[in-house]
Amino acid sequence: MALRIHFSSEDFPQTRLAQAPDPLWEVLLSLHMLQTDDGPLVFDQWRRRTRARLDGSMRQLLALAPPRGYSPDFLTPAAATGGLEAGIGAVLSTPRARLREDLIQLAVSQRRMPPGARLLAEGDPRALRELGEAIRAYHRVALAPYWSRLRSDIGADLAARTRAATGSDVFFDHLLRTLHPGLHWERPVLTMLGSHVNGDLHLGGRGLLLLPSYFCWRKPTMLRNQDLPPVVVYPVEHATGRLLQDPAGQGGLAALVGRTRAALLETIAGGSTTTELARSADIAAATASHHLTVLREAGLVVTRRVGGAAHHTLTPLGAELLGSDAFFPA
């Protein structure tokens, strides 16, 4: 099977290479990875730790994201490029018709409906809230502690592609020809080989988002619904010997700032509220606030209030301390 993506002259200026990981695509693809034995050298330690930390609500996500076949498109909205909370908000605002269509397609693909899917398909407010909380909790356990590492590896991949294309007469052509062996570019058609979606996709002036992903494995993927904003998710190269190691086990950083603060810095790399940090480190909110004050006064963390919650992110100095080449919002 192959999908042929057709570009018009209007699509080229609208096509862009994402500069950071998308939190909900990483949620979805890591759920796939959690249910396989793929990439043992890179992922086995992460799998063991994450499986041990899943609670019942997080395990419900596994049935929504089977490792083979179709996963609902509404789990990876375009708004998630704006961050985890923006993405979750878009998931919870999915029109009922789309919820129903995606979940019927999941049932056809898997021959069964996962628990709670019927209520989700009906747009039940409580079911949607529980889904949002499950995604948030899973991200906190499975991804947030490693987010600076994901951003660092994706940043390195982007930098290598930019350097390789520098001086090229046609940057766009060079980029698409070298993006991944599973993608074949022959202007004006990009062919995705081995795609779960078959046929032709005409971009029609919408352009294409090229999204690098840490948890995407072996071959690119994209949404099934061709009416949604087009995106091709492709796997970045995983450096040999660079495992997803337990952030709490970082001896050097822990010795410098303390084990708890080292773990908090890793979690903050994914963007977190005080409550989320306290839960991830299994400490009281007041204790988390004290550590945050120390980290903020040291110039490692910046805090912004959004609504009634305080949201914390790393400063460039904080990322440098973690050894990260992360990208930061202005």
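Note that the structure is a prediction, hence the values are computed from the model and not measured.

Trainee: Could you give an account of the overall build of the protein chain, with specific residues and numbers?
Mentor: Each helix and strand in the protein chain was counted, giving 14 helices and eleven strands. Within the protein chain, buried positions represent 52% of all 330 residues. Pairs at least 24 apart in sequence give 69% of the contacts found in the protein chain among residues at least 6 apart. As presented, the protein chain carries roughly 15,300 Å² of accessible surface, and 53% of it is formed by carbon and sulfur atoms.

Trainee: Residue-level account of unusual backbone geometry, with values.
Mentor: Omega for the peptide link from Arg-187 to Pro-188 comes to 10 degrees, which places this bond in the cis form. Note on placement: Pro-188 falls in the loop between β3 (183-186) and β4 (189-193). Backbone geometry at Arg-218 places phi at a positive 75 degrees, although glycine is not the residue there. Within the secondary structure layout, Arg-218 lies in the loop between β6 (209-213) and β7 (221-222).

Trainee: Go over the layout of surface pockets with me, naming the residues and quoting the values.
Mentor: Leftover empty space is mapped by rolling, across the atoms, a probe with the size of a water molecule. Of the volumes computed, that of the second largest pocket is approximately 620 Å³. Forming the walls of the second largest pocket are 28 residues, and the residues nearest its centre are Leu-29, His-32, Pro-67, Lys-219 and Thr-221. Mapped onto the lining of the second largest pocket, the elements with two or more residues apiece are α1 (23-34) and β7. Of the residues forming the lining of the second largest pocket, the biggest block, five residues, is contributed by α1.

Trainee: Explain the pairing of β3 to me, and be specific about the residues and the numbers.
Mentor: The alternating pattern of β3 places Leu-183 and Trp-185 on a buried face, while none of His-184 and Glu-186, on the opposite face, is buried. Two strands pair when backbone bridges link them, and β3 and β4 are joined in this way by four bridges, in the antiparallel orientation. Opposite His-184, over in β4, you have Thr-191 as the bridge partner. Once β3 ends, the chain turns through two residues before running back antiparallel as β4.

Trainee: Give a description of empty space enclosed by the protein that names residues and reports values.
Mentor: Taken as a whole, this structure holds three cavities of 30 Å³ or more when the rule is applied. Computed from the structure, the largest cavity encloses a volume of approximately 80 Å³. Taken together, Leu-24, Val-27, Leu-28, Leu-31, Leu-61, Leu-64, Leu-75 and Ile-135 make up the lining of the largest cavity. When residues of the lining of the largest cavity are traced back to their parent elements, those giving at least two are α1 and α3 (56-64). Split into classes, the residues belonging to the lining of the largest cavity amount to eight nonpolar, no polar and no charged. Within this model, the second largest cavity holds a volume of roughly 50 Å³. Lining the second largest cavity are Leu-201, Met-222, Leu-223, Asn-225, Gln-226, Leu-228, Pro-229, Pro-230 and Val-231. A per-class count over the lining of the second largest cavity returns seven nonpolar, two polar and no charged.

The rules behind the values
Residues numbered from 1 in each chain as written. Predicted model: local features only at pLDDT ≥ 70, side-chain atom pairs only at ≥ 80, totals over all residues. Heavy atoms only, no water. Helix = DSSP H or I, 4+ residues; strand = E, 2+ residues; numbered from the N terminus. Buried < 20%, exposed > 50% of the residue type's maximum accessible area, 1.4 Å probe, protein only. Contact = heavy atoms within 4.5 Å. Areas by Shrake-Rupley, 256 points an atom, 1.4 Å probe, with all protein chains shown as cover. 1 Å grid on protein atoms, 1.4 Å probe; cavity = no way out; pocket = protein on both sides within 12 Å on 5 of 7 lines; lining within 4 Å. Points joined across faces, edges and corners; volume = space filled by probe spheres on them. Pairing = 2+ DSSP bridges. Nonpolar A, V, L, I, M, F, W, Y, C, P; charged D, E, K, R; others polar.

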